[in-house]
Amino acid sequence: MPEDALPRQLETSGEAPLDTRGDDPREALMDSVVAAIKTCYDPEIPVDIWELGLIYRVDMDGDRNVEIDMTLTSPMCPVAGELPEQVRQTVKSVEDVNEVKIELVWEPPWHQGMMSEVARLQLDMF
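The rules behind these values
Residues numbered from 1 in each chain as written. Predicted model: local features only at pLDDT ≥ 70, side-chain atom pairs only at ≥ 80, totals over all residues. Heavy atoms only, no water. Helix = DSSP H or I, 4+ residues; strand = E, 2+ residues; numbered from the N terminus. Buried < 20%, exposed > 50% of the residue type's maximum accessible area, 1.4 Å probe, protein only. Contact = heavy atoms within 4.5 Å. Areas by Shrake-Rupley, 256 points an atom, 1.4 Å probe, with all protein chains shown as cover. Salt bridge = Lys/Arg side-chain N within 4 Å of Asp/Glu carboxyl O. Core = buried A, V, L, I, M, F, W, Y, C linked by side-chain atoms within 4.5 Å. Expected span 1.5 Å × (residues − 1).

Our next topic: the overall build of the protein. When helices and strands are counted, the protein shows four helices and four strands. Reading the secondary structure of the protein in the N-to-C direction produces β-α-α-β-β-α-β-α. Residues counted as buried form 43% of the 126 residues belonging to the protein. Counting only contacts in the protein whose residues sit at least 6 apart along the sequence, the fraction spanning at least 24 positions is 60%. If you sum the accessible surface of the protein, you get close to 7200 Å²; carbon and sulfur atoms cover 50% of it.

The next thing to look at is the pattern of salt bridges. In this structure the tally under the stated criterion is six salt bridges. In this structure, Arg-57 engages Asp-59 in a salt bridge whose closest nitrogen and oxygen atoms are separated by 3.4 Å. The same class applies to Arg-57 as to Asp-59, namely buried. Note that Glu-67 is salt-bridged to Arg-57, the shortest N-O span being 3.3 Å. You can see Glu-67 sitting in strand S3 (residues 66-70) and its partner Arg-57 sitting in strand S2 (residues 55-61), a full ten residues away along the chain. In the salt-bridge network here, residues are joined through shared partners; they are Arg-57, Asp-59, Glu-67 and Asp-69.

What follows is about the environment of Ile-68. Along the chain, the position of Ile-68 falls in strand S3. Under the relative-accessibility criterion, Ile-68 is labelled buried at 0%. Measuring from C-alpha to C-alpha, the distance between Ile-68 and Lys-101 comes to 6.3 Å, with 33 residues separating the pair along the chain.

The peptide bond linking Glu-107 to Pro-108 adopts the cis configuration, its omega dihedral lying at -5°. When you line up the elements, Pro-108 lands in the loop between strand S4 (100-104) and helix H4 (117-122). In this structure, Asp-124 is a non-glycine residue whose phi angle is positive, near 50°. Within the secondary structure layout, Asp-124 lies in the segment after H4.

Once that is clear, we can look at the nonpolar core. Grouped together as the largest cluster of nonpolar side chains are 35 residues, with contacts concentrated most on Ile-37, Ile-49, Val-58, Val-66, Ile-68, Met-70 and Val-91. Looking at this core, the element that brings in the most residues is helix H1 (residues 25-37), giving six residues. Here Ile-49 is in contact with Ile-37, Cys-40, Tyr-41, Asp-42, Leu-54, Ile-55, Met-70, Leu-83 and Val-87, once residues within four sequence places are set aside.

Here the focus is H1. Note: α-helices contain 3.6 residues per turn, so residues at a spacing of three or four share the same orientation. Relative to the 18 Å expected for 13 residues at 1.5 Å per residue, H1 spans 18 Å between its end C-alpha atoms, a close match to the ideal helical length. Among the residues making up H1, those that are buried are Arg-26, Glu-27, Leu-29, Met-30, Val-33, Val-34, Ala-36 and Ile-37.

Structure, rendered in structure tokens:
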């Protein structure tokens, strides 16, 4: 991963850290949330928004409320009004998720170095 790429934060609040052995139901729910996010695409780029690096933070509290910080490829993005709502609705549809709050952020600004290796391969950027 490039040095200037922003590491994604997956967090649960108000309880013990996620159990990395895979038997924590909150971890499974977080995996489902990320899988849902991966079904959302920027319509101008044929790569999901997770792999594009547009998701900066996903946090889930003990009541299974999810908060997501996300950005767009540009403040002038034509889907600025639609994509955050699409992400909210998609994550809200995950079984056992209660409320979903999306925060559209601009810092740090998105750049191509934030894309995953998967995204770079899909876009032939190697």
